[in-house]
Amino acid sequence: MSHTKADAKKLRLGIPKGSLQDATIDLFGKAGWKIYASGRSYFPQIDDAEIECMLIRAQEMARYVHSGVLDAGLTGIDWVVESGLKVESACSLVYAKQSRQRVKWVLAVPEDSPWQRAEDLAGKTIATELVEVTKNYFASKNVSVTVEFSWGATEVKPPMLADAIVEVTETGSSLRANRLRIIDTVMESETHLIVNSASYADAWKRAKVDTLALMLRGAIDAQGQVGLMLNVHRDRLAEVLAVLPALNSPTVSSLSDGSWSAVNTILEEGVVREVIPKLKAAGATGIVEYPLNKVVL
């Protein structure tokens, strides 16, 4: 069958609506795709004729990917586990709204309550958005509790509307502000690029998804890292290399004046302020720090 322009191949891609939306669009920008989400439209524009985007709540992403309404989408692995549905994972991408860390679903109780562990909550009511995972967590400990679905603002429910909560947190600050104390971690989660099984079996769609995964991973790996270039006289090269963290071996090349070398490396942004003065003292000159968009290993 010959393809006409009208039925040209498309990958239907779900972008998480809500708290992860801006971070996701920013990540795609660094990976090389510009996404324009305008106003109230659920169909953001993307500068790739082979991709169609749709904004979907992260909680519902697995359902639409599993059913094939979407070929692929980005959502937390927590919502995939919660859905109980089978989808493929093309890659995991550790980025959250505030930090580059996994988020945690934690069991939290009022600060002044006597409870210290899950077993102390037998017979109590737990409020959460992550109902199935929470039920399984307590069942695995043989603790009988009532788990209620919470439509958000879960932190304010104890002690009047629930005895304890299972809530997602990046830093724990919102829980502390609501005078809650964490007593256990129920699960850790990070964003995954999930794919419909049939779509992943299609050679064209699989190649497209794998390209997205490669470039998104590259953009994630570049976050918090910078490139560093410098020149150094060959006599002092060993001194300069000794200053650089051993994480990734730097590229060393000869300059046109054979007695000098150029060194190129990638460093964690946080250590650069310590390293540059040491490099200068070790004989490095012409030190240039530059930002990275992608690191593809």
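Residues numbered from 1 in each chain as written. Predicted model: local features only at pLDDT ≥ 70, side-chain atom pairs only at ≥ 80, totals over all residues. Heavy atoms only, no water.

## Thoughts on the layout of surface pockets
Quick note on the threshold: Definitions used throughout: a 1 Å grid over protein atoms alone; a cavity as a set of points that fits a 1.4 Å probe which cannot get out; a pocket as an open set with protein on both sides within 12 Å along at least five of seven lines; a lining residue as one with an atom within 4 Å of a point. Grid points are joined across faces, edges and corners, and a volume is the space filled by probe spheres set on the points. We count a stretch as a helix when DSSP gives it H or I for four or more residues in a row; a strand needs E for two or more, and each element gets its number in order from the N terminus. Polar here means any residue other than Ala, Val, Leu, Ile, Met, Phe, Trp, Tyr, Cys and Pro, which are nonpolar, and Asp, Glu, Lys and Arg, which are charged; Gly is therefore polar.
Taken as a whole, the largest pocket holds about 1,100 Å³ of empty space. The element best represented in the lining of the largest pocket is helix α2 (residues 58-67), accounting for five residues. For the lining of the largest pocket, the residue count by class is 15 nonpolar, 16 polar and 14 charged.

## Notes on the pairing of strand β1 (residues 11-17)
Looking along a regular strand, one sees the side chains alternate between the two faces of the sheet. Filter applied, for reference: Categorising residues by exposure relies on relative accessible area from a 1.4 Å probe, with only protein chains included: less than 20% of the type maximum marks a residue as buried, more than 50% marks it as exposed, and the intermediate range marks it as partly exposed. For two strands to count as paired, DSSP must find a minimum of two bridges between them.
For β1, the buried fraction is high: five of the seven residues fall into the buried class. Relative to strand β5 (residues 72-76), β1 runs parallel, the two being bridged by two bridges. What sits directly across from Leu13, in β5, is Ala72.

## Thoughts on the sheet that holds strand β16 (residues 285-291)
Applicable threshold: Angles here are taken between N-to-C directions and fall from 0 to 180 degrees, while the axes themselves are lines fitted to C-alpha atoms, restricted in helices to the stretch in contact. What makes two residues a contact is simply this: any of their non-hydrogen atoms within 4.5 Å.
Pairing within the open sheet is antiparallel, and its four strands lie in the order β14-β15-β13-β16. A single partner strand is all that each edge strand has here, and the edge strands are β14 (251-254) and β16. On average, adjacent strands in this sheet sit at an angle of 15° to one another, irrespective of strand direction. Pairing of strand β13 (residues 225-233) with strand β15 (residues 260-268), which is carried by nine bridges, proceeds in the antiparallel orientation. Residue pairing across strands places Gly227 opposite Ile266, the latter belonging to β15. Each of β13, β15 and β16 touches helix α9 (residues 269-281); the most contacted strand, β15, lies at about 155° to it.

## Things to note about the packing of aromatic side chains
For clarity, the threshold we go by: Each Phe, Tyr or Trp ring (for Trp, its six-membered ring) is paired with any other whose centre lies within 6.5 Å, and the angle between the two planes then decides the class: stacked below 30 degrees, edge-to-face above 60, tilted in between. Comment: the charge-over-ring label is applied if NZ (Lys) or CZ (Arg) is within 6 Å of the ring centre and within 35 degrees of the ring normal.
Within the structure shown, the criterion is met by four aromatic pairs. An angle of 70° between the planes, with centres 6.4 Å apart, marks the rings of Phe28 and Trp33 as edge-to-face. Per residue, the accessibility class of Phe28 equals that of Trp33, and both read buried. Seen in terms of ring centroids, Phe149 and Trp151 are 4.9 Å apart; in terms of plane orientation they differ by 85°. Their pairing is edge-to-face. Overall, the relative accessible area of 78% leaves Trp151 in the exposed class. Geometry around Tyr200 places Arg206 over its ring, the cationic atom sitting 3.9 Å from the centre.

## Considerations on the sheet that holds β5
The strand order across the open sheet formed by five strands is β4-β1-β5-β12-β6, and the pairing between neighbours is mixed. Of all the strands in the sheet, just β4 (51-57) and β6 (88-93) have a single pairing partner and so form its edges. This sheet shows a mean twist of 25° between the axes of neighbouring strands, independent of strand direction. α2 rests against β1, β4, β5 and β12 (191-195) of the sheet, and its axis sits at about 130° to β4. On the sheet, helix α7 (residues 203-222) packs against β1, β4, β5, β6 and β12 and is oriented at approximately 15° with respect to β6.

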